[in-house]
Amino acid sequence: HNKLAQVFFVMRLLLLAGACAVGDHSGDTDPVCCDTNGFITLLKGPEERGVPLKQWRQLVDQWRTEQRSVSNYSGEAYEDPAVNWTRTTYVQPQVLLWDRFLYDQERHQWTVHKFLDDLQRRYGGVDSVMLWPSYPNMGIDNRNQWDLWRAVPGGLGALARVTREFQAAGVRVLWGYQPWEQHLRPEGEPAWTTLAKLLNQTGADGFNGDTMDTMPYEFWQAGIQSGHKIVGEMEGGGYPHAKGWPTDRTFHSLNWDTIGWGYYHYGSGADNITDVFWNEPGIDRAKWLDPRGRRQTHVCDRWAEDRHDAMQFAHFNGVGYESWEDVWGIWMHFSARDGEALRRLQPVWKWLGGIELTQGYDDWRPYAEEVSPAGKVTGIYASRWVHGRHCAWTVVNRGKVPQSFSIRTSNTNCSGRFWDLFSGSEVSPASLTLGAEGYAAYYMASEAAPGLEQLLATMRQLTERPLETYSKQWSPQPQEMEDPGTPPPSSTAPEGMVEIPRTKYLFQTGGREIEGGCDVTEDFGTGNCCPGSHICPGDPLCDDQCAFPGADDRGIDVQYWWDSRPKRFHSAELDVGPFFIDKTVVTKGDYAAYLSASGYKPRDSTNFLRDWEGGRPRSGDEDRPVTWVSLRDAREYCRYFGKRLPHAYEWQLAAQGTDGRQYPWGNDMEWDRIPPVQRNGTEVVLPKVLQHRTSDSIFNVSDTVGVVWQLTDVFHDPHTRGVVVKGSSNFNPILSGDFPALPQVGNWYFPPARKLTQHNRILLMDESIDRAGTVGFRCVASHPEGAPGPRHVHDAAVSYLI
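Computed from a prediction, not measured in an experiment: that's the story for all the values here.

A. Representation of the environment of Gln167 within the structure. Its place among the elements puts Gln167 in helix H7 (residues 155-168). Since its relative accessible area comes to 29%, Gln167 is described here as partly exposed. Considering only alpha carbons, one finds Gln167 and Lys243, 76 residues apart in sequence, at a separation of 38 Å. Beyond its immediate chain neighbours, meaning those up to four positions away, Gln167 contacts Gly203, Ala204 and Asp205.

Right, here's the structure in full:
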């Protein structure tokens, strides 16, 4: 589509839109899915718009006047002490609760201070965090998002303690909320009611609305009714979209919504994953709407290897940054240079905001005329900020070479002494320099504001080493495969097990994760990469999710020993076997007998065998797969019987044979060979084993596809631990587009992996939350002629193909 035509069309519709509606949304026109990017979040600058600066100022002032009227905007929430702390929360990471720096999986302890100390060391710390326990795991069974919060180690009581620890360190706490999650276990009340109650119960400060454009009034009202006003930070930033719900079509929600994310890029690069930014920074629409600029935005560019574009745009706009690194288990870490840049930016941002220059100002003058030379020729762009008799300039160099410039303060109403806030020294505005892709800030006043001397001293120390001497190098975080153990060999096949002969086996498998890049040129027939765009619900691609195409160089999925980095597709010819594998998965009856014989007790019994009654399987369930067991529960079962969990390549060989087929029976899906797929999450019932024998493999291994997810290899890096699961269960929900959700560009629930060349990965935290109602296992036993551990592959591996 023509993006320029789109933005003008959106702006015309916004001028016609009325104030938002709240309450009953049953009669609302269904919204249309949209992208939230620079065309929605930013007003283009004069160069990008192609108009003289004077005319541009008239246009954006007119836009603000019109939008304030159309949106019935008052900005009253910015005066509310319960929520206006958002004005100076500049740096916030999205934090996945399974990050091993926040939760120690070996000691089973929350480690808030370790987490914060690491961020302080690497980029200067944070002001708030947004916690997240759901996607990409959510939808593997019918637990709703609230069930996942309740299931974290220690439950809601632990979350309350974690929240207090963050807040005692001066860090506010938000929860991630997914409006599209409406087809799992029903909660029995509106989502805003549950959310407000749980935030109140744990003391958290607010929530982030995943995929939401604006904050419906229902959420604000629910906080008031619970006696705990809550901040709403929408992923869509609060920026209207003409085709959303009525509440999404104007800025009216900014009367109670004080903060948001900002996607300031205008599209993706050739790799279809790196965000691309205009050379000239645009101005944040929501911040410009408020004459005093009290709106806070966290600029987000989650897949950036080089973060300077987004941080420069934030600096120019006087807003903050989303310092997200653990992106769905992919470690998108800061480079040394970007981390150092953010460390230096933070004291400046907080001081300027605290004295009401970039927050609560009298005037903001983007593209300040007194800064010269400036613009696309030099790459120098500056904003002037004024409050009373105090002035400041935030300046960026968008170019790749150092630049000299001046600030003609005589052309302004600013006077007094002039300080370079980054060097921590008094300088002349007539002779200034800024390094390539650099940041600067200057302050001018006759009488210095409180805290200036302390800031200057801090900055002198921080900037002693030039920023350009720090490395911009970035590389994915390596992973290690864990040793599953090597039990003593069995001379003959143990009861209920099948012998798999030694084989030169071409192992090919691809991860089913939705995000993180999918290179179709590396695919060997999985069909994992989306063939085109699609909108959910409604499109057939929503029924069997696919991955967004893009460069696979960020570290998605896992890293086998032959892989140069974590990546989606894995291919190697391996010398595997012989070994024994269970003919079918472990059943509830099997597990009950094991408990009786072994006396096994889990360390944490939360959700352990959750669907049993009185310590026994329900009558008639004995032949169904055992679920609601953790990785440790499964490993201990196998170990008790002298076995272990299989490697993914052992499991796949047993299910596939040696001809590379996609299913146990051939290369085409035949739905009558597997149990019917369940979409409704009210109650999920797994099938009994050995009921679909036409899907047996050539080795007579049963129940490999569509019955229950099955545990295999475990991988970890310093921040993430995950287990590869194969085979899929019979549960595959589809997200909702009903209010307050919007239609989506994909079905965000845990994707199935029905092809034998597919797998998925469960991100692990601890037993209470890891146990799931659709995840089971089978065991492997050692053969006297089998390969040694830890990989259980003979040294004579033939080749590693990709």
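B. Summary view of the sheet that holds strand S26 (residues 439-445). Read across the open sheet, the 6 strands follow the order S18-S20-S21-S26-S23-S24; overall the sheet is antiparallel. Each edge of the sheet is formed by a strand with only one pairing partner; in this case those strands are strand S18 (363-366) and strand S24 (425-426). Judged from the 4 bridges that link them, strand S23 (residues 417-420) and S26 form a sheet pairing that is antiparallel. Pairing of Phe418 across the sheet is with Met444, part of S26.

C. Geometry of helix H16 (residues 648-656). For H16, the buried fraction is high: 9 of the 9 residues fall into the buried class. Residues of H16 that are buried: Ala648, Tyr649, Glu650, Trp651, Gln652, Leu653, Ala654, Ala655 and Gln656. Directly beyond the C-terminal end of H16, a positive phi value near 80 degrees is found at Gly657.

D. Main features of the environment of Arg249. Along the polypeptide, Arg249 turns up in the loop between strand S9 (231-234) and strand S10 (259-262). Through-space distance from the C-alpha of Arg249 to that of Ser71 is 8.9 Å; in sequence the pair is 178 residues apart. Polar contacts involving the side chain of Arg249 include one to the main-chain carbonyl oxygen of Gly244, which spans 2.5 Å. Engagement of the side chain of Arg249 in a polar contact is seen with the backbone oxygen of Trp245, the distance being 3.4 Å.

E. Layout of the pairing of S23. In terms of strand pairing, S23 meets S24 through 2 bridges, oriented antiparallel. What sits directly across from Asp420, in S24, is Ser425. Linking S23 to S24, which pair antiparallel, is a turn of 4 residues; within it Gly424 sits at a positive phi near 75 degrees.

Calculation notes
- Residues numbered from 1 in each chain as written.
- Predicted model: local features only at pLDDT ≥ 70, side-chain atom pairs only at ≥ 80, totals over all residues.
- Heavy atoms only, no water.
- Helix = DSSP H or I, 4+ residues; strand = E, 2+ residues; numbered from the N terminus.
- Buried < 20%, exposed > 50% of the residue type's maximum accessible area, 1.4 Å probe, protein only.
- Contact = heavy atoms within 4.5 Å.
- Pairing = 2+ DSSP bridges.
- Polar contact = N/O pair within 3.5 Å; in protein donor to acceptor, adjacent residues only side chain to side chain.

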